[in-house]
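# Survey of secondary and tertiary structure
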Amino acid sequence: LIPVMSSFIAAESMHPITKAWLQRAVDHWSTPTESRNDLGFFWVHFLFRKTVAEDEQEGNEQARDAWRKVPKVSGEYSVVGPHFWVPYEPRLRPPPTQELQRTIESEWETPMWKLTNHEVKLDTVGPESTYWRLLEATREKARAHANNYGSCGSSGSIGPALSLLNTRTSAEVVRRLLAHGNDTGCH
């Protein structure tokens, strides 16, 4: 069991979980290759599990105590939560089914959805696609937020990302979200 989806981690600076997790990663990668356990593709997740383990010998007490307080959200594929849109291609490329349209319109409990991975390319989907409709619904929500909290530079600034969503056309926003780069878009 992997206890965390590392794509969407947020924490305060110097949080006990991230401090202990980082130290575990440094220790792991500082071990010579011939002596280091090969944790495979999910190495980040396995180190996290060890960091918050209930086993007193393996886990970090402060990290474990902090992790117990975190609300848990399912990472199961196709279930409400961050992996709801898996499998990506058949769910995001065509127009939304009634079920998916309802989710787009009313599911705001999940703080963030993972919409693709390195194997799925959605840069050619059209405006009728579930993907595009989801981006549009998100942009509408961001615009409403921006209208309530002002533009960049004012008190309660929404920041440059939401400002972009609020001031550009749909095509410009989608082009920006799909652009290769370091701060937004596909990597």
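Refer to the preceding data block for the structure.
As the structure is a prediction and not an experimental result, all values here were calculated from the model.

What counts and how
- Residues numbered from 1 in each chain as written.
- Predicted model: local features only at pLDDT ≥ 70, side-chain atom pairs only at ≥ 80, totals over all residues.
- Heavy atoms only, no water.
- Helix = DSSP H or I, 4+ residues; strand = E, 2+ residues; numbered from the N terminus.
- Contact = heavy atoms within 4.5 Å.
- Buried < 20%, exposed > 50% of the residue type's maximum accessible area, 1.4 Å probe, protein only.

### Quick notes on the environment of Arg 133
- Note on placement: Arg 133 falls in helix α6 (residues 130–149).
- With 28 residues separating them in the primary sequence, Arg 133 and Glu 105 have C-alpha atoms 9.7 Å apart.
- Setting aside residues no more than four positions away along its own chain, Arg 133 makes contact with Pro 96, Gln 101, Ile 104, Pro 127 and Glu 128.

### Quick notes on unusual backbone geometry
- Look at the link from Val 86 to Pro 87: it is a cis peptide, with omega at 0°.
- Relative to the helices and strands, Pro 87 is located in the loop between α3 (61–68) and α4 (88–92).
- One non-glycine residue, Met 14, adopts positive backbone phi at about 65°.
- Note that Met 14 resides in the segment before α1 (16–30).
- We classify Met 14 as exposed; its relative accessible area is 58%.
- Phi is positive for Ser 78, which is not a glycine, with a value near 65°.
- Tracing the sequence through the fold places Ser 78 in the loop between α3 and α4.

Purely geometric numbers; function is a separate question.
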